[in-house]
Amino acid sequence: MTLTLVDYLILAVYFGFVVGIGWFLRKNVSSSSDFLTSGRSLPLWITSLAFLAANMGALEMIGMCGSGAKYGMMTSHFYWIGAIPAMLFVGVFMMPFYYGSKARSVPEYLKLRFDEKTRGFNAITFAVMTIFSSGISMYALGILLQEIFGWSFTFSVLASAGIVLMYTYLGGLSSAIYNEVLQFFLIVAGFSPLAILAVQKAGGWHGVTAKLAPVMTSSWRFVGNSKDNPMGVEAFGLFMGLGFVLSFGYWCTNYLVIQRAMAAKSMTDARNTPVVGAFPKMLIPFVVIVPGVVAVALAQMGVGYALPTKNGGPDYDKVLFSLMAQFYPSGMLGVGLTALVASFMSGMAGNVTAFNTVWTYDIYQGYIRKNAPDAHYLWMGRMATIFGTVMSIGAAYLARSFNNMMDLLQLVFGFVNAPLFATFLLGMFWKRTTGHGAFTGLVSGTTAAGLTYGLTSAEGKGGFFGVLHTFPSSMAQNFWVAINAFVVCMVVTVAVSMLSQPKPESELVGLVYSVTPRQVENAIWYKRPAMLALAAVAVCVALNFVFF
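Cut-offs applied
- Residues numbered from 1 in each chain as written.
- Predicted model: local features only at pLDDT ≥ 70, side-chain atom pairs only at ≥ 80, totals over all residues.
- Heavy atoms only, no water.
- Helix = DSSP H or I, 4+ residues; strand = E, 2+ residues; numbered from the N terminus.
- Rg over C-alpha atoms; globule rule 2.2 N^0.38 Å.
- Buried < 20%, exposed > 50% of the residue type's maximum accessible area, 1.4 Å probe, protein only.
- Contact = heavy atoms within 4.5 Å.
- Areas by Shrake-Rupley, 256 points an atom, 1.4 Å probe, with all protein chains shown as cover.
- Lys, Arg positive; Asp, Glu negative; His and termini not counted.
- Charge placed at Lys NZ, Arg CZ, Asp CG, Glu CD.
- pLDDT = per-residue confidence, 0-100.
- Axes fitted to C-alpha atoms, helices over the stretch in contact; angles between N-to-C directions.
- Parallel < 35°, antiparallel > 145°, perpendicular 65-115°, else oblique.
- Nonpolar A, V, L, I, M, F, W, Y, C, P; charged D, E, K, R; others polar.
- Pairing = 2+ DSSP bridges.
- Left-handed = near helix turned anticlockwise from the far one by under 90°.
- Salt bridge = Lys/Arg side-chain N within 4 Å of Asp/Glu carboxyl O.

Caption draft 1: The arrangement of the overall build of the protein chain in detail. When helices and strands are tallied, the protein chain shows 22 helices and 5 strands. Taken against the 2.2 N^0.38 rule, which gives 24 Å for 548 residues, the C-alpha radius of gyration of the protein chain at 22 Å falls within 12% of a compact globule. Over its C-alpha atoms, taken along the principal directions, the protein chain stretches across nearly 70 × 55 × 50 Å. Looking at the 548 residues of the protein chain, the share that counts as buried comes to 61%. In the protein chain, once contacts between residues fewer than 6 apart in sequence are set aside, the share between residues at least 24 apart is 82%. Taken as a whole, the protein chain presents about 19200 Å² of accessible surface, with 68% of it coming from carbon and sulfur. When the 31 positive and 20 negative side-chain charges of the protein chain are each reduced to one mean point, those points stand 3 Å apart.

Caption draft 2: Quick look at the confidence of the model for the protein chain. Put simply, the protein chain has an average pLDDT of 84, and 96% of its residues get 70 or more. Per-element confidence in the protein chain is highest for helix H20 (residues 435-455), whose mean pLDDT is 94, and lowest for helix H2 (residues 32-37), whose mean pLDDT is 77.

Caption draft 3: Representation of the packing of helix H9 (residues 153-201) against helix H16 (residues 319-327) in the model. One can describe the packing of H9 onto H16 by two numbers: an axis separation of 10 Å at closest approach and a directional angle of 75 degrees. The orientation of H9 relative to H16 falls into the category roughly perpendicular. In this structure, H9 uses Phe191, Leu194, Leu197, Ala198 and Lys201 to contact H16, whose residues at the interface are Leu320, Leu323, Met324 and Phe327. Along the lines of polarity and charge, the residues of the contact of H9 with H16 split into 8 nonpolar, no polar and 1 charged.

Caption draft 4: Focus on the sheet that holds strand S4 (residues 461-462). Here we have 3 strands laid out as an open sheet, ordered S4-S3-S5, and mixed in their pairing. Single-partner strands in this sheet number two, and they are S4 and strand S5 (469-470). Both strand S3 (residues 456-458) and S4 contribute to a ladder of 2 bridges, which runs antiparallel. Within the sheet, the bridge partner assigned to Ala458 lies in S4 and is Lys461. In this fold H20 packs onto S3, S4 and S5, with an angle of close to 60 degrees to the strand it touches most, S3. Across the sheet, helix H21 (residues 474-498) lies against S3 and S4, angled at about 150 degrees from S3, the strand it touches most.

Caption draft 5: Geometry of the packing of helix H12 (residues 235-253) against H21. Taken N-terminus to C-terminus, the directions of H12 and H21 make an angle of 65 degrees; their axes are 9 Å apart at the nearest point. When the axes of H12 and H21 are compared, the crossing they make is left-handed. Across the interface between the two elements, Phe236, Gly237, Leu238, Met240, Gly241, Leu242, Phe244, Val245 and Leu246 from H12 touch Asn478, Phe479, Trp480, Ala482, Ile483 and Phe486 from H21. Grouping the constituent residues of the contact of H12 with H21 by class yields 12 nonpolar, 3 polar and no charged.

Caption draft 6: Summary view of the pattern of salt bridges. If you walk through the whole model with that rule in mind, you get 8 salt bridges. Across the salt bridge formed by Glu108 and Arg119, the nearest N and O atoms sit 3.9 Å from each other. Of the two residues, Glu108 is situated in helix H7 (residues 106-113) and Arg119 in helix H8 (residues 116-149); the sequence distance between them amounts to 11 residues. Note on Glu108: relative accessible area 11%, which makes it buried.

Caption draft 7: Inspection of the environment of Met301 at higher detail. Mapped onto the secondary structure, Met301 falls in the loop between helix H15 (285-299) and strand S1 (309-310). Spatially, the C-alpha atoms of Met301 and Thr433 are 58 Å apart, while their sequence positions differ by 132 residues.

Written as structure tokens, this is what we have:
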């Protein structure tokens, strides 16, 4: 991959621009609320694009392209059944409770709905998850800069971490959100041409399907048996593990994305944030998954392209880099590399700003120093930005042991988000759920995830307690880790709740669906969340049929 002066200039302008946004917005930060939650003041178009871009980090760009090469068009399930239904559900049904409760974070909602110990457990596990997620994004940019400039991995990680730290330290959440909007447009501009050029080189989509086995270009036809598809998962594991537990667990409970919707200036905008974001979200597979699928076809066509390798096998994390080197000329290569850097910035900054809010409000203020002046919490928020970044550097080194970073991230989600979704589902829609039940269920679900991973094996991962079952792929193992965590959390929460005393209904208004009065939606009919959600469902169903 050879860069020219124009490529370096494009990268330099981008770095200057993102730091400039933080510098410009620093004057608007005068309180901890301004720094950590943006004061609930942002318009819908900003929050919806930020909601989407916060999930368009290194995982989505590099990981999804690599998964396209590894699993084929089945990877589209991470969008069409693994994201869209959950995004619509959180907007229509769950955002009224998040936004209406005035909670500053997801763990704080758990405190209001249940009790302090439930909030504390979730705050700690979520903080750990954001560190891992941020570390994965840092790892992605580290290997990118290593590939481009020949720098050592350590120097690449430290340099990239410093840039993100600079603008998040200056402008807080607002800086991260406005940069995420910029990054969204850069990502689309940087990667859309790659998909078009790669498909053209392969002779169009018909040329791709003619060269590859049907299982690589179909999304549904081969899920009847786990042995029939490269993902090694059957229909039940796909629907329950990805389409329900992991998907709803991530989009409905992950404060990283919920934080963007809660920054909206009104309830209607907060509800519409994930719903509006669903429309561009369902088109992202054509930008990031299709190039990975086409890469496998090109490698078999004798056109001068080969899949990158690592330790004697395919290195899926470098598929996107190799395609860019193959197809992008000078100038366009700079735009593509800037888009990759932007995806890293988006993923890391999103996790860092979520971490500093949960640390400051839910851990530090909740347990370490409860009644300090607001200026002290503003200072602590900035300090959390620094040490959150430092801990992410350590997580970046752990990510090096996986040949597909998405496998690692889905495993982390199985431990944290899967049992948490069971807790939220019961807490928001069953008034009988108690704090003791929620806490015991969360601990039990997380333990079940650990036991499942420790007693099963896939691609040499897991099985540290002994191997009772071997999965055909890490992704199949991740799905069942999530399923078991969800089921155990659900069963234990119900059982303990039936044996303990629930809160009186008067304390659950605004927190539980059945005891909260329905508010009249004042928006024009075509701007109402339910109507927009129905339109999104129709488009998503159509896409599933086209690539059946």
